[in-house]
Amino acid sequence: MRALPAMFEMFEYLAAECSPETMRPGSMGAAIFEARDRGVVTPEEVPGLLSVYSTGGLDTTIHAITTGIRLLIDHPDQWDLVRENPKLVTSAFNEILRYAGPAHGLARTLTRDHTIGGVPVPAGARFIILYSAANRDERHYADPDRFDVTRNPVDHLGFGNGAHMCPGAPIARLEGRYVFEAFAHRVRRFTLDGEPERLLNNTMRGYRHLPVAVEPAAPKG
């Protein structure tokens, strides 16, 4: 509830201050306004779409990166593999999203009667899709509770799926890749430098505070 005023302020800003003239040419924001002009989206949908890209590039991506650092602290052998072969960065980031992605799950409303796991669920019912549980499903992933940067689970559900796939997923993948590629060349080891503080949130996994010490990698050449 304490966060609601800030959320309303963000939407007011997006509705009042964001326009085609204030968007960087070729940016995702500009593309949304171009879609509006073509009639692909309505003017009323523009602030919501702008918020998706804004928040997707902040909270979830930040939590994915910080959680990834914590996993690499706990699994230094896996970080050694990435440092030895930086081409594993994409695979490692996918494994971070599978193993401990920032989005636990999201609520949905059924549009028609359906049976889920043998249980009849009526149209209009609200339920939660638990992405985190699906990403640890032993029927799909061998040894799912093992963190393995070589696994490359490209079909993880950390970004959702289908019509509800996160539209900011490509941005998050690029950000995660670039950050961990930079780390792979510059950081030999991450270690905790204090007591972490977990984020308390109904749907988001992450840290409010993650103190980390960094041992630089030796210069090459």
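Residues numbered from 1 in each chain as written. Predicted model: local features only at pLDDT ≥ 70, side-chain atom pairs only at ≥ 80, totals over all residues. Heavy atoms only, no water.

(A) Looking closely at the overall build of the protein. Along the protein, the regular secondary structure elements total seven helices and eight strands. Over its C-alpha atoms, taken along the principal directions, the protein stretches across nearly 55 × 55 × 35 Å. Of all 221 residues assigned to the protein, the portion counted as buried reaches 36%. For the protein, restricting intrachain contacts to residue pairs at least 6 apart in sequence, the fraction spanning at least 24 positions comes to 62%. Working note: accessible area of the protein is about 13,500 Å², and carbon and sulfur atoms make up 56% of it. Taking the average location of the 24 positive side-chain charges in the protein and that of its 27 negative ones, the two points are 4 Å from each other. (Helix = DSSP H or I, 4+ residues; strand = E, 2+ residues; numbered from the N terminus. Buried < 20%, exposed > 50% of the residue type's maximum accessible area, 1.4 Å probe, protein only. Contact = heavy atoms within 4.5 Å. Areas by Shrake-Rupley, 256 points an atom, 1.4 Å probe, with all protein chains shown as cover. Lys, Arg positive; Asp, Glu negative; His and termini not counted. Charge placed at Lys NZ, Arg CZ, Asp CG, Glu CD.)

(B) View of the environment of asparagine 202. Relative to the elements of secondary structure, asparagine 202 occurs in the loop between β6 (197–198) and β7 (207–209). Judged by its relative accessible area of 78%, asparagine 202 falls in the exposed class.

(C) Seen up close, the packing of helix α4 (residues 76–84) against helix α7 (residues 169–186). Put simply, α4 and α7 touch, their axes get as near as 9 Å, and they point 90° apart. Overall, the two elements α4 and α7 adopt an arrangement that is roughly perpendicular. Along its contact with α4, which presents Trp79, Val82 and Arg83, the element α7 presents Phe180, Phe183 and Ala184. Residues that form the contact of α4 with α7 fall into these classes: five nonpolar, no polar and one charged. (Axes fitted to C-alpha atoms, helices over the stretch in contact; angles between N-to-C directions. Parallel < 35°, antiparallel > 145°, perpendicular 65-115°, else oblique. Nonpolar A, V, L, I, M, F, W, Y, C, P; charged D, E, K, R; others polar.)

(D) Quick look at the pattern of salt bridges. Applying the stated criterion to the full structure yields 12 salt bridges. Of the charged contacts in the structure, one is a salt bridge between arginine 146 and aspartate 143, with a shortest N-O distance of 2.8 Å. By relative accessible area, arginine 146 is classed as partly exposed at 38%. The class for aspartate 143 is partly exposed, based on a relative accessible area of 44%. Each of Glu95, Arg98 and Arg151 takes part in a single network of salt bridges with overlapping partners. (Salt bridge = Lys/Arg side-chain N within 4 Å of Asp/Glu carboxyl O.)

(E) Summary view of the nonpolar core. Ranked by internal contacts, the top residues of the largest apolar core, which has 25 residues, are Trp79, Val82, Phe147, Phe180 and Phe190. The set of elements that each furnish at least two residues to this core consists of α3 (46–74), α4, α5 (89–100), α7 and β5 (187–192). The element best represented in this core is α5, accounting for seven residues. With residues up to four places along the chain from it excluded, the contact list for valine 82 reads Leu88, Val89, Ala92, Val149 and Ala184. Judged by nonpolar contacts, the second largest core, of 10 residues, contains Leu14, Cys18, Ile32 and Val46. (Core = buried A, V, L, I, M, F, W, Y, C linked by side-chain atoms within 4.5 Å.)

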